[in-house]
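Single-letter residue listing:
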Amino acid sequence: MNKEIKKLYEIASKPSRKIIGLMSGTSLDGLDIALCKFTGSGKNTDLELQAFETISYSSDFKNNLKEVFARETVSLQKICLLNPWVAKQHAGMILDFLTRNSISAGEIDIIASHGQTIYHAPKSFHGQKGFGNATLQIGDGDHLAQLTGIITLSDFRQKHIAAGGEGAPLAMYADYLLGANDKQHVALLNIGGIANFTYIPAGSRFNEITCTDTGPGNTLMDGYLSANKIGYNYDAGGQIARQGKVNDALLQTFLAHPFFSLPLPRTTGPELFSQDYISAAINTVALTLSTEDIMATLNMLTAKTITKALKLADKTSALQTLYISGGGIHNEFLIENIKSQLPGVKVTSSAEIGLDPDAKEAILFALLANECLCVDSREATDEKYPWVSMGKISLPG
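These remarks concern the structure in this document. What you are looking at is a predicted structure, and each value in this text was computed from that prediction instead of being measured.

Here the focus is empty space enclosed by the protein. If a probe as big as a water molecule is rolled over the atoms, it shows which places are left empty. As enumerated under the stated definition, the model contains two cavities of 30 Å³ or more in all. In this structure, the largest cavity encloses a volume near 40 Å³. Considering the residues around the largest cavity, the lining is formed by A171, A174, N190, N196, K360, E361 and L364. Taken together, the elements giving at least two residues each to the lining of the largest cavity come down to α7 (171-179) and α14 (360-374). Considering each element in turn, the lining of the largest cavity owes the most residues, three residues, to α14. Tallied by class, the residues present in the lining of the largest cavity amount to three nonpolar, two polar and two charged. Within this model, the second largest cavity holds a volume of roughly 30 Å³. Lining the second largest cavity are A174, D175, L178, L355, K360, I363 and L364. Among the elements of the structure, α7 and α14 are those that each provide at least two residues to the lining of the second largest cavity. In terms of residue class, the lining of the second largest cavity is made up of five nonpolar, no polar and two charged.

Take the packing of helix α8 (residues 219-228) against helix α12 (residues 291-313) next. Contact geometry for α8 and α12: axes closest at 9 Å, N-to-C directions at 165°. Compared by their axis directions, α8 and α12 come out roughly antiparallel. Crossing angle aside, the handedness with which α8 passes α12 is right-handed. For the pair α8 and α12, the contacting residues are L220, M221, Y224 and L225 in the first and T291, I294, M295, L298, N299, L301 and T302 in the second. Residue classes in the contact of α8 with α12 are distributed as eight nonpolar, three polar and no charged.

To continue, consider the packing of α12 against helix α13 (residues 332-341). Viewed as axis vectors pointing N to C, α12 and α13 meet at an angle of 40°, and their least axial separation amounts to 9 Å. The orientation of α12 relative to α13 falls into the category oblique. α12 and α13 meet at a crossing whose hand is right-handed. On α13, the residues that touch N299, M300, T302, A303, K304, I306, T307 and K311 of α12 are F333, L334, N337, I338 and Q341. Counted by class, the contact of α12 with α13 contains six nonpolar, five polar and two charged residues.

This part covers the nonpolar core. Core analysis: the largest hydrophobic core is formed by 48 residues, its most contacted members being L189, L298, L301, L322 and I338. Top element by residues in this core is α12. It accounts for 10 residues. Excluding residues within four positions of it along the chain, L322 makes contact with A187, L189, L310, I338, L342, V345, K346, V347 and T348. I11, F365, A366 and M390 belong to the second largest nonpolar core, which has 40 residues in total.

Take helix α11 (residues 275-285) next. All of the buried residues along α11 are Y277, I278, A281, I282 and V285. The arc that holds the buried residues of α11, viewed along the axis, is 130°, so those residues lie on one side. Turned more than 90 degrees away from the buried face of α11, the exposed residues are D276, N283 and T284. Tucked into the core, α11 has its buried residues touching α8, α10 (248-255) and α12. At the N-terminal boundary of α11, the capping side chain belongs to S274, with an oxygen 3.3 Å from the backbone nitrogen of D276. In the stretch just after α11, A286 is the one whose phi turns positive, near 50°.

With mixed pairing, five strands are arranged side by side in an open sheet as β9-β8-β7-β10-β11. Edge positions in the sheet fall to β9 (210-216) and β11 (346-349), since each of these pairs with one other strand and no more. Adjacent strand axes in the sheet meet at a mean angle of 20°, parallel and antiparallel pairs treated alike. By the bridge criterion, six bridges tie strand β8 (residues 194-200) to β9 in an arrangement that is antiparallel. Looking at β9, one finds that A195 is bridged to G215. Sitting on the sheet, α13 touches β7 (186-191), β10 (321-325) and β11, and the angle it makes with β7 is about 150°.

Each value, and the rule that gives it
- Residues numbered from 1 in each chain as written.
- Predicted model: local features only at pLDDT ≥ 70, side-chain atom pairs only at ≥ 80, totals over all residues.
- Heavy atoms only, no water.
- 1 Å grid on protein atoms, 1.4 Å probe; cavity = no way out; pocket = protein on both sides within 12 Å on 5 of 7 lines; lining within 4 Å.
- Points joined across faces, edges and corners; volume = space filled by probe spheres on them.
- Helix = DSSP H or I, 4+ residues; strand = E, 2+ residues; numbered from the N terminus.
- Nonpolar A, V, L, I, M, F, W, Y, C, P; charged D, E, K, R; others polar.
- Axes fitted to C-alpha atoms, helices over the stretch in contact; angles between N-to-C directions.
- Parallel < 35°, antiparallel > 145°, perpendicular 65-115°, else oblique.
- Left-handed = near helix turned anticlockwise from the far one by under 90°.
- Contact = heavy atoms within 4.5 Å.
- Core = buried A, V, L, I, M, F, W, Y, C linked by side-chain atoms within 4.5 Å.
- Buried < 20%, exposed > 50% of the residue type's maximum accessible area, 1.4 Å probe, protein only.
- Arc of directions from axis to C-beta.
- Polar contact = N/O pair within 3.5 Å; in protein donor to acceptor, adjacent residues only side chain to side chain.
- Pairing = 2+ DSSP bridges.

This is the structure:
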């Protein structure tokens with residue numbers, strides 16, 4: 001037997017596993033690295049976050065990715081070159097992370113890598129006859145495994161599409177296993193470049209929850225500032241938006257996009273919610289607005305689309321607590337706008353349920369790897385927990 005396959009079997013058979021989860025989102029800010037210890041699996045999963053760090057990307061890294069990110073026309077050679085190059089950069093970041101935390105690579109059972117999304121194309125977006133949902137992440141798992149010496153699971157979204165999904169959002173699995181509450185109707189909201197939530201009624205089974213993208217999270221606000229206000233890549237605390245005034249005509253033009261009328265669940269990405277989307281709406285209303293007013297309007301757009309989707313999922317207005325994670329939690333003005341749209345709902349950080357709001361997405365992919373190794377999907381489905389094992393396995397050596 002191949003020694004790495006034997007090792008994989010032994011890892012899956014252990015009572016607990018140390019898994020490094022990696023997440024690089026559409027904001028292209030950096031790589032989130034979460035070292036997680038999992039005991040058990042499925043509904044008996046116990047998580048301990050042992051170390052976490054976000055390693056910022058260099059300007060060179062960002063500029064290389066921007067050449068292919070969310071663009072319809074790109075160099076195939078550039079994509080081919082970037083696939084192993086991104087993995088090489090990530091491998092170096094992982095090894096540096098381990099060194100800083102005085103951990104040897106031999107102590108880690110698995111790396112779970114999301115990779116870097118360069119294009120997300122659900123059928124509702126591309127609309128091409130004969131083609132289904134599609135998504136593409138780069139940062140090859142074989143290179144990660146070879147360079148770190150650690151068995152790697154990667155490319156999780158492809159199996160979700162193969163099984164009939166749209167490749168996103170995948171948060172529902174971690175949200176259900178780590179956030180479900182027998183006594184409360186809760187929702188777990190992640191505000192990254194795109195916002196998504198999982199709505200979990202009290203005591204519900206897996207097939208009774210709703211997980212969906214809502215639309216823009218930070219992507220429009222960050223992109224507009226980067227393009228129009230020198231020296232700003234994001235609106236720290238929402239302070240620029242706070243200085244402006246929401247323009248209702250522009251807000252309604254944004255909200256008129258057909259995406260917001262699609263039934264739940266739905267997925268999207270910066271391919272749709274781009275600077276072209278902003279420019280088209282501004283041209284429609286034919287107004288000259290200050291940066292502050294546009295930022296205030298974009299901030300409210302994110303809040304409105306999140307809360308409108310929540311209300312669609314929560315048909316009986318039973319939602320009691322909304323737990324928030326992702327970079328958007330640091331935009332205080334955005335959180336205030338969300339709270340104003342949800343009277344009577346407790347809006348708080350996912351830290352209250354033991355999920356570091358900055359680490360949550362990296363934790364998610366570590367959890368997906370743990371489930372892939374340890375859960376028999378047939379048994380899970382028999383328990384009304386319809387599970388699809390996700391992640392391609394790459395062996396070192």
